[in-house]
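Results of the structural survey
Listed below, chain by chain, are the residues.
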Amino acid sequence: MSLVALQIACAIAVSLYVGRSFWDSSTPILLGISLRLLCFMFANFILWRLGVAIFVVKPQKPIHWMLQDLRTKLTDVEKAPDVLICFVSIVALIVTYTFLKNEIHTLNPSLWDTQFAQWDRFLHGGVDPWTLLRPVLGSPVITTALNAAYHIWFPMLYIAVCLACLDRRDPIRSTVFLVAFVLCWFVGGNVIATIFASVGPVYYEPFNLGTDFVPQMELLRQSNEISPVWALKVQSTLLDGFQNSGLARGISAMPSMHVASSALLALYGFTYSRWLGWGLTVFTFVILLGSVHLAWHYAIDGYASILLVLFFWWLAKRLTARFGPGT
């Protein structure tokens, strides 16, 4: 909660500095989406407890047991407020993150893209990483599959956040994940993204940085003619929003939040079971490949994201041990 409060304070300061309201036209939309997701989460929670009643507890009256179980959990004076605080904090995080992301290029108009592209080539034998992936991932079907993984990322992240908020069996585990989650999006997605402002290969030409990645974009468009590449539409929407001050206008490449949050999911998965952790590690690798292949990111964006998350996880454990439950 304190980290989110710090993020809100930064957002208010930025709002005053740039002369743009923190509460803009996108805020009610984000709050509406958050409310719908909260309702969806609660509906699934009810179904989960009903499933426990039917298949695990097996009482004579499953619905009666479920209602009593819900009443007990909702009136728990220790756990219920924690769950509410968690969700309010996450909603505040989402709204504040979006505002700060939209202001990245106002605060720092200088771009690191040319340097990142050079570092990518230095690390990959003098060539752009996407050219190394193209022979393996270049088929339209595989490109669509990678793009699908990019979309699956959101519900997976949503489920993990809901689980961390609701699963109070191990408060330390949940707290470590949620603290690392806030650090990831605030420090990584806002602070570091502003310091190392960049737009990614997809926007290299539109931002007048050169034509280095035009061949990659042409190949993605050719793939789209055979099998859908939904990223192209999203990329076009973001660029239009940036150029015309639309609702969706935040463009940032370093660090990759897709890769960072996927790596965070993997670390969280290991706290439940080894097989879940390794499965999510494989998913992180797929997202890393997709981030480069779909032209969203330079490879170095993903590498830096993984290192940052490892640090954030370590820091979250230290902060939880110092200020978390039971201290």
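So, here's what we can say about the structure. Owing to the predicted nature of the structure, the values given are computational and were not obtained by experimental measurement.

Turning our attention to the packing of helix H2 (residues 26-57) against helix H3 (residues 62-74). Two elements in contact, H2 and H3, have axes separated by 9 Å at closest approach and are oriented at 125°. By the criterion of interaxial angle, the relationship of H2 to H3 is oblique. As H2 packs across H3, the resulting crossing turns out to be right-handed. Taking contact as the criterion, the partners of Phe 42, Phe 45, Ile 46, Arg 49, Leu 50, Val 52, Ala 53, Ile 54 and Val 57 in H2 are, on H3, Pro 62, Ile 63, Trp 65, Met 66, Asp 69, Leu 70, Lys 73 and Leu 74. Its residues assigned to classes, the contact of H2 with H3 shows 14 nonpolar, no polar and three charged.

The next subject is the packing of aromatic side chains. According to the stated counting rule, one finds 20 aromatic pairs in the structure shown. Ring geometry for Phe 116 and Trp 119: centres 5.8 Å apart, planes at 50°, overall tilted. Taken together, the positions of Phe 116 and Trp 119, both in helix H6 (residues 113-123) and three residues apart, correspond to about one turn of that helix. Under the relative-accessibility criterion, Trp 119 is labelled partly exposed at 37%. Aromatic ring contacts, followed pair by pair, group Tyr 97, Trp 153, Phe 154, Phe 177, Phe 181, Trp 185, Tyr 268 and Tyr 272 into a single cluster. The ring of Trp 48 is capped by Arg 49, whose NZ or CZ atom sits 4.7 Å from the centre of that ring.

Ranked by size, the top nonpolar core spans 62 residues in total, and within it Phe 177, Phe 181, Trp 185, Tyr 203 and Trp 313 carry the most contacts. Elements with a contribution of two residues or more to this core: helix H4 (79-102), helix H8 (140-166), helix H9 (171-195), helix H10 (214-224), helix H11 (231-243), helix H12 (257-270), helix H13 (274-293) and helix H14 (299-323). The leading source of residues in this core is H9, at 11 residues. Ranked by size, the runner-up nonpolar core spans 14 residues in total, among them Ala 117, Trp 130, Leu 289 and Ile 300.

Calculation criteria
- Sequence order as written defines the numbering, with residues in each chain counted from 1.
- Two thresholds apply to this predicted model, a pLDDT of at least 70 for residue-level local features and 80 or more for giving and counting side-chain atom pairs, whereas whole-chain, interface and lining totals are computed over all residues.
- With hydrogens and water stripped out, all remaining heavy atoms of the structure feed into the side-chain values.
- Fitted lines through C-alpha atoms give the axes, limited to the stretch in contact for helices. The angle between two N-to-C directions lies from 0 to 180 degrees.
- By the criteria applied, helices consist of DSSP H or I runs no shorter than four residues and strands consist of E runs no shorter than two, each listed in order from the N terminus.
- Working rule for angles: under 35 degrees goes down as roughly parallel, over 145 as roughly antiparallel, 65 to 115 as roughly perpendicular, anything else as oblique.
- Take the far helix as the reference: if the near one is turned anticlockwise from it by less than a right angle, the crossing is left-handed, and if turned clockwise, right-handed.
- Contacts are residue-level and defined by heavy atoms, with any inter-residue pair within 4.5 Å sufficient.
- Three residue categories are used. Nonpolar comprises Ala, Val, Leu, Ile, Met, Phe, Trp, Tyr, Cys and Pro, charged comprises Asp, Glu, Lys and Arg, and polar comprises the others, including Gly.
- Pairing of aromatic rings covers Phe, Tyr and Trp, the last counted by its six-membered ring, and requires centre-to-centre distances within 6.5 Å; plane angles under 30 degrees mean stacked, over 60 mean edge-to-face, and any other angle means tilted.
- Any residue under 20% of the maximum accessible area for its type is buried, any over 50% is exposed, and the rest in between are partly exposed; the area is computed with a 1.4 Å probe on protein chains only.
- By definition here, charges over rings are those cases where NZ of Lys or CZ of Arg is within 6 Å of the ring centre and within 35 degrees of the ring normal.
- Take the buried residues of types Ala, Val, Leu, Ile, Met, Phe, Trp, Tyr and Cys, join any two whose side-chain atoms come within 4.5 Å, and each joined set is a nonpolar core.

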